Amino acid sequence: MSNQNEVRNEVHIDARAMGKVAVLMGGASAEREVSLMSGGGVLQALRARGVDAHAFDPSQANLCDLKSHGYDRCFIALHGRHGEDGTVQGALELLGIPYTGPGVMASSIAMDKIMTKRIWRAEGLPTPDWKLVSSAAEAAQALKALGAPMIVKPAREGSTIGLTKVTSVGQCEQAYLLASRFDPEVLCEQFIDGDETTCPILGQGRDARALPLIRIVAPEGNYDYQNKYFTDVTQYHCPSGLPESEEQEIKRIVVEAFRTLDCRGWARADIMIRKTDRKPFLLEINTSPGMTGHSLVPMSAKASGIDYPELCLRILASASLDSRQGVQAQNAANQGNQGNQGVTA
């Protein structure tokens, strides 16, 4: 009996049916450089599979051009603000152009680490303790409450931008000032000492499935922006090498975290496993993960038998709209009321 969280590999997609596709990349966020690398890879892969795909940089062109130029769907390869925070998703909803990844509300919540943690905690999902602070003095107080080491980071940024690991009160002021350069809301989070892992998810609702877990071993435990994208010194283990029961439990938690935020399409969750008792803790969920040569979703997909072009095509085929989701849900409800069981859209 196969595990319910495993991804099915037998998928057949007609590239021509995708229509004219815009790969949204670049943008104006602090992660523009990485977005251009992600988008370039996706664009090349989709074209190799026969998709009529074109590059589109929202910082260089008006999003309304997507409608006037006849685009049928968008692959969002934007990262950070105005890319995975619900804003571009909202614009595409108004334009009526299906897009990849979670919808407006899920994207907005997932971008806000504090709101995400509040929801996960309310739903009984494990996440490290935290404090929201608005000054360096409050950061110092948070260190006393949470204990050292402590992570200080912007509430709404990705790729470890603006993040500092502090071990003493004297470091709190500089850490707070760095994080507050990127966001007025600063998150102080309990540091979890142990294995660093990440797990991608594909699908939606009951069909959401976890891809293989990746265990990350960074030099001196420093998995920062540079080590993520621009060096080869970080080690990635996929298969993870963790006990099977431990990996399956993490996959279960990750899929539940994905569903709790009402995500769809794809995402990637970051998890720390505490060394002392092997308890997993959810750190955050990325709703427009990187697709560069160093990125982890393609690595995990490859381990499950899905190559990079196939992964890009699958994600593209999942493009949809919040509004269309509502129509489909209503249709499904009507079919259920009429006793038409087993019918799928």
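Residues numbered from 1 in each chain as written. Predicted model: local features only at pLDDT ≥ 70, side-chain atom pairs only at ≥ 80, totals over all residues. Heavy atoms only, no water.

(A) Summary view of the sheet that holds strand 4 (residues 130-133). Taken in spatial order, the four strands line up as 4-7-5-6 in an open sheet, and their pairing is antiparallel. Lying at the two open borders of the sheet, with one neighbouring strand each, are strand 4 and strand 6 (164-166). Neighbour-to-neighbour, the strand axes of the sheet open up by a mean angle of 25°, direction not taken into account. Pairing analysis gives five bridges linking strand 5 (residues 150-154) to strand 7 (residues 186-190), with the strands arranged antiparallel. Paired with Pro154 across the two strands is Val186, which belongs to strand 7. (Pairing = 2+ DSSP bridges. Helix = DSSP H or I, 4+ residues; strand = E, 2+ residues; numbered from the N terminus. Axes fitted to C-alpha atoms, helices over the stretch in contact; angles between N-to-C directions.)

(B) Representation of the environment of Lys20 in the model. With respect to the element layout, Lys20 can be found in strand 1 (residues 20-24). Residue classification places Lys20 among the partly exposed positions, given a relative accessible area of 24%. The spatial distance from the C-alpha of Lys20 to the C-alpha of Asp52 is 5.2 Å, given a sequence separation of 32 residues. (Buried < 20%, exposed > 50% of the residue type's maximum accessible area, 1.4 Å probe, protein only.)

(C) Representation of the pairing of strand 13 (residues 280-286). Taken across its seven residues, strand 13 has seven buried, putting it largely inside the fold. In terms of strand pairing, strand 12 (residues 264-274) meets strand 13 through six bridges, oriented antiparallel. Looking across to strand 13, one finds that Ile271 is bridged to Leu282. The antiparallel hairpin formed by strand 12 and strand 13 contains five residues in its connecting segment, where Arg278 sits at a positive phi of about 65°.

(D) Quick peek at empty space enclosed by the protein. Per the counting criterion, the structure on display carries three cavities of 30 Å³ or more. Its boundaries defined by the atoms lining it, the second largest cavity holds a volume of some 70 Å³. Residue assignment for the lining of the second largest cavity shows that the elements contributing at least two residues are helix 4 (104-111) and strand 13. Here the lining of the second largest cavity gets three residues from one element, more than from any other, and that element is strand 13. In terms of residue class, the lining of the second largest cavity is built from three nonpolar, three polar and four charged. (1 Å grid on protein atoms, 1.4 Å probe; cavity = no way out; pocket = protein on both sides within 12 Å on 5 of 7 lines; lining within 4 Å. Points joined across faces, edges and corners; volume = space filled by probe spheres on them. Nonpolar A, V, L, I, M, F, W, Y, C, P; charged D, E, K, R; others polar.)

(E) Quick peek at the state of the cysteines. Applying the stated criterion across every chain yields a total of zero disulfides. Not part of a disulfide, Cys188 finds its nearest cysteine sulfur in Cys172, a span of 6.8 Å. Note on Cys188: relative accessible area 0%, which makes it buried. (Disulfide = S-S within 2.5 Å.)

(F) Just the pattern of salt bridges, in detail. One pass over the structure, following the stated rule, counts 17 salt bridges. With its nearest N and O atoms 3.3 Å apart, the salt bridge here joins Arg81 to Glu157. Of this pair, Arg81 sits in the loop between strand 3 (73-76) and helix 3 (87-95) while Glu157 sits in the loop between strand 5 and strand 6, and the two are 76 residues apart along the sequence. On the basis of relative accessibility, which here comes to 7%, the residue Glu157 falls in the buried class. Across the salt bridge formed by Asp277 and Arg274, the nearest N and O atoms sit 2.7 Å from each other. One salt-bridge network, in which partners are shared between bridges, spans Arg81, Arg156, Glu157 and Asp183. (Salt bridge = Lys/Arg side-chain N within 4 Å of Asp/Glu carboxyl O.)

(G) Just the packing of helix 6 (residues 136-146) against helix 7 (residues 172-180), in detail. Packing of helix 6 against helix 7 leaves a shortest axis separation of 8 Å and a crossing angle of 120°. Here helix 6 is positioned oblique relative to helix 7, judged by the angle of their axes. In this structure, helix 6 crosses over helix 7, and the sense of that crossing is right-handed. Contacts between helix 6 and helix 7 involve Ala136, Ala139, Ala140 and Leu143 from the former and Cys172, Glu173 and Tyr176 from the latter. A class-by-class count of the residues in the contact of helix 6 with helix 7 yields six nonpolar, no polar and one charged. (Parallel < 35°, antiparallel > 145°, perpendicular 65-115°, else oblique. Left-handed = near helix turned anticlockwise from the far one by under 90°. Contact = heavy atoms within 4.5 Å.)

(H) Fine view of the packing of aromatic side chains. Enumeration according to the criterion identifies two aromatic pairs in this entry. Over the ring of Tyr71 we find Lys20, and its NZ or CZ is 4.6 Å from the ring centre. The ring of Phe191 has Lys165 sitting right over it, with the charged end atom 4.1 Å from the ring centre. (Phe/Tyr/Trp six-rings, centres within 6.5 Å; stacked < 30°, edge-to-face > 60°. Lys NZ or Arg CZ within 6 Å of the ring centre and 35° of its normal.)

(I) Structural detail: the sheet that holds strand 2 (residues 52-56). With parallel pairing, the three strands of this open sheet are ordered in space as 2-1-3. If you trace the sheet from one side to the other, it starts and ends with strand 2 and strand 3, each paired once. Averaged over all adjacent pairs, the angle separating strand axes in this sheet is 30°, with direction ignored. Taken strand by strand, helix 3 contacts strand 1 and strand 3, and its axis lies near 175° from that of strand 3. Across the sheet, helix 11 (residues 308-317) touches strand 1 and strand 3, and the angle it forms with strand 3 is around 125°.

(J) Geometry of the side chain of Thr100. With respect to the element layout, Thr100 can be found in the loop between helix 3 and helix 4. With relative accessibility at 2%, the residue Thr100 sits in the buried group. Excluding residues that lie within four positions of it along the chain, Thr100 makes contacts with Cys74, Phe75, Ile76, Trp266, Ile315, Leu316 and Ala319.

Any functional reading would require information beyond the geometric quantities listed.
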